[in-house]
Amino acid sequence: METSKPQSSKLFVYSPIDFRDKTEERYERAFSSLQNTLHGPNAKELNITITSMISQDIKQQEELQLSFIYLMLTDTQLAGSALRDLLIVTRDGLEFIIIHLTDLINAKFQKLAEVAKHQVLWLFKELLKSYGSNQKINGFLWALLRQACGGDVSPKNIAWIEGILDILIEHRPRFDKFPNSVGLVTYSYVRLIEDHGALHLQTLRNKEVKFIISLIRERFQDIIPLGRDFIRLLQNVARIPEFNKLWNEILTNPKNLSPSFTGIFQMLSTRTSRHFIGNRITPDIESKLHFFTSSVKFGNHKKYQDWFQDRYFATPESQSLRSDVIRYIINAIHPTNELLCSDIIPRWAILGWLLTSCTNPVALTNAKLAVFYDWLCFDPARDNIMNVEPGILVMYHSIKNVPMVSSTLLDFLCRIMKNFYPKGEERIRAGVYSSLKVILDKQVIPNLVPLFESPKLDRDLRAMIRENFREFMPTTPTFSVLETQNHFGADDGRPSKVNNNIEIKMEELDKSDDLRFSDEEIDDKKLKIECPSDNEDEEAPVNNDKEDEEEEVDDNDDDEDDDDLPLSKVRLKEKPLPDKTELPSSIKETFMTFISTKTLDDFESFLDDYRSLSSSEQLDSEQEAYVFANILSVFKSTLPEKCDLGEYENVHMLDDCYDNNEKLEQKLEQSINYPLYGIYKALCQHDEKAKKCLVIPKILDFCHSKLSSMGFLLLYYLKVNAKLALLKNQKVPTTFRSNVYKLYYQWLNPKPNQKVDMEECLEKDLELLEHYSLNVFLWIISDIYREFEQYTVNNSDILKILVGCIDAKNLHDLICDITQGKLVLFKNDTVIDVIRDSLEYETFEQMCFWQLLQAHDVPIEKIQDMIPELESNNNEALINMLFILKKEEPTEELIKLLLSRETSRGDPFVTSALKHWCMMEYESQLSEIIANLLISKISQNSPKKRARSLKSNSQSNSGPSAEQVRQFCKFFLISFNLINSISCSC
């Protein structure tokens, strides 16, 4: 489709890849019509012509007004006369003009040319001067202020902020009349003043402070409804002398500001309207946030976060914007029940990212305050549970994998109750307690003990929590048998576990890709913040009341993996460890030793004693539950967060070492020196004995359902075991023992007579392993493909995991392994099905796929049937298929497939292949093949042959149709100069 060149635009700024905006095309059509109408007459005739336009219908009237808007925004010299003519033409008091300009600024501001932005401010000034009584101008002002972005001190943004400020100062009596405008201007500029502390911005800052202070003091009655978030903004500018003086009056003499103002708690108890909070982020940011919380799945969000970080938080000054984003997410984005029950990324996860990625200490403190600000004066009767939900969930879900987040937030919450406003400490504490009570009443989380008593919190912090939240703590602490005498530390340097709770699993983040939001993705997700009406009430009720969402957790769900649960339903499914139970004397001593020392040797000793129990000493269900729960807790507490192979993280450094390498041997042995690997050792060394004893299957079944890493850690153990045997030159099998892995899942199979789906098991474990450690995944992948050949070769799902995690260096290593025969990913028989599946991959993933495929030297005959199926948008596949065709000679079958492609116009893929063959001296061979095709198609024109041809075509694909051959001749042959050659062949 042909479009006008973006460079010719007067209204918008386009990048080289942008299409021309439809809005501008509409403007230009209207303006062209106006030019034709007004061309030629003198001034007197012009006035008569313009006046005559007033009687036109509504649609023509709107087009006429659009033409004047375009003229005013693009021509500074004619803007004045255009406005004058517009005032003559308009019949609705400029309502259409103002609404249209407001929508233009909200939707297209980022694309507007600098001249157009300057003219927007000029037009606002003129409208305010001429039509100051028009209430629609208030909406225009709201749209202008939304584009004054916080955290941005670029010259363009500063010029925009100062331009609006100068207009407001000059025409203050006009905008004073608009409802909510005084509050909006004050709220916006108090936030912006925070960013203008640099020396070169002092002049602007002084002007802002003088104007805003006068507004606050003279119109304080209009400031009171701004509520608690205005107090938060005032805190950030309290060091400025004028605001410091204002603070003293608010705290000590509130009546001096307004007779109806009773003090700071009057505003802290008032929830700030989401319209004011939303005005502090641009429509562009708003649309991205709504896309985040409604369309991005949890686990796929890392790439979007990276894009957002690079776009909006790239400068030191932009860190202050995090608080605005957090407040908007908490107060304005309230997911529906359907979203809460889906796998869409929850708000608490976004808040956790905003906190952990902040690089400025002051901005981080303000961001923490933004998270908890609604807690401080929370009133269940007036406040919404959704405003405190993200704060508790980000602490609750981070305690396992990111305990630092939970620790810093809990520490901040404890300290802010005392230090936020010392004179009002009791009211602040009551607000926080009310928040926690509502959180528990509405079952946002089941209880607070797993968070407040987590062993991952340090001793001082837990003491502070107990002091500040006594009424939420259990009356008597319940310690499991896993605790040693020192409850806060163990001999091995790791904190002892207080395992009367279960740690919530937090999904790992997906790999980062270079990705940006597309306009198509977010187009339907925009939620505009309209100017509030004069009688704006409290925000509308949201369809997510937690009372309607209370659910009973079925006991049968205890064995369900957290990975399969929607994020909104993640609960503390595991119960506290059973009370200490009396065990048989033959295992009691070794069991107690094991849970105290948590070492592999002691676990093996206990396992040997356990398997040796006589029939009269077998454990009952209560004893088994006690033993298994403690074993699982030790497994979890001792496993490292990731496998650390130190300097051997390079895959080939591990595989290329065949001699006795003591350092590597020691490192590998150390990496599996944890109690969990004892159960794998029993599988490998005593599998026959273990089959007769149900101890190991029972332990495996109990632990596997609650520790998803067991499957892929078994794969790692088998690889390390084989490598150690090779290094030690033992006379034992040094291959990867895949039978142990199969035995593991056979024991876990709830239906012994049903075959285990090994493909599904491998896919799940390899995906988890790739997230756990990419280097370990790449280290063992060759063994997986070799030992599980029937499940992995030509497996599209496993291949997708592989190509989705590698970079160029990893790709080079894999191709080297393929070349050396160590790795086989494809076999010829069904490789075409894998190619079809690969068409859904991302661009880099497809390029990796084709490189790996070509490394296998798959014959063209096995993949050539894909040629007609490839569409014009399958660019990666077409590129690599063309490379493959360049290495082949033209055959009748290849030509048939090429000409069978469905193309209405010339196909560059077919053109390039045929042109290359002509250049490679295959012209005569190519001409003969095409001539034979033409003869065969012409001969089919007779009725009898056509009938036979149709019958045979219904049974099989005999090649291109006559119409396809005709199209080929029309578009291709002339450019190849093959007409003569084909004629001779015919």
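Please refer to the structure higher up on the page.
Small disclaimer: the values here were computed from a predicted structure and weren't measured.

Asker: Lay out unusual backbone geometry in plain terms, naming residues and giving numbers.
Answerer: A positive phi is found at K598, a non-glycine position, where the angle reads about 60 degrees. For K598, the location among the structural elements is in the loop between helix 29 (585-597) and helix 30 (600-611). The class for K598 is buried, based on a relative accessible area of 10%.

Asker: Hey, could you go over the packing of aromatic side chains for me, with residue numbers and the actual values?
Answerer: Ring pairs (aromatic) are described by centroid distance and by the angle formed between their planes. This model, assessed by the stated rule, comprises 40 aromatic pairs. Between F308 and W353, the aromatic rings sit 5.9 Å apart at their centres with planes inclined by 80 degrees, giving edge-to-face as the arrangement. Highlighted residues: F308 in helix 18 (residues 302-312) and W353 in helix 21 (residues 347-356), separated in sequence by 45 residues. Between Y677 and Y680 the ring centres are 5.8 Å apart and the planes differ by 70 degrees, which places this aromatic pair in the edge-to-face class. Of the two residues, Y677 and Y680 are both situated in helix 34 (residues 676-685); the distance of 3 residues between them amounts to about one turn of the helix. For the pair formed by Y677 and Y680, the shared burial category is buried. Taken together through their ring pairs, the aromatic side chains of F591, F594, F603, F606, Y610, Y626 and F635 make up a single cluster.

Asker: Help me get a handle on the state of the cysteines, residues and values and all.
Answerer: Counted by the stated rule, this structure contains 0 disulfides. Free cysteine: C805, not disulfide-bonded; nearest cysteine sulfur from C848 at 9.4 Å.

Asker: Run through helix 8 (residues 155-170), naming residues and quoting values.
Answerer: In a regular helix each residue adds 1.5 Å, so 16 residues correspond to 22 Å; helix 8 covers 22 Å between its end C-alpha atoms and thus fits that length. Listed in full, the buried residues belonging to helix 8 are N157, I158, W160, I161, G163, I164, L165, I167 and L168. On the buried face of helix 8, the contacting elements are helix 6 (114-130), helix 7 (136-146), helix 9 (172-175), helix 10 (181-193) and helix 11 (202-218).

Asker: Explain the nonpolar core residue by residue, including any values.
Answerer: F243, I392 and F469 are the most contacted members of the largest nonpolar core, which totals 166 residues. Beyond its immediate sequence surroundings of up to four residues, F469 is in contact with L413, C414, M417, V432, Y433, L436 and F452. If you look at the next biggest cluster of nonpolar residues, it comprises 124 residues, including L583, I699, L748 and V858.

Scoring rules and cut-offs
- Residues numbered from 1 in each chain as written.
- Predicted model: local features only at pLDDT ≥ 70, side-chain atom pairs only at ≥ 80, totals over all residues.
- Heavy atoms only, no water.
- Helix = DSSP H or I, 4+ residues; strand = E, 2+ residues; numbered from the N terminus.
- Buried < 20%, exposed > 50% of the residue type's maximum accessible area, 1.4 Å probe, protein only.
- Phe/Tyr/Trp six-rings, centres within 6.5 Å; stacked < 30°, edge-to-face > 60°.
- Disulfide = S-S within 2.5 Å.
- Expected span 1.5 Å × (residues − 1).
- Contact = heavy atoms within 4.5 Å.
- Core = buried A, V, L, I, M, F, W, Y, C linked by side-chain atoms within 4.5 Å.

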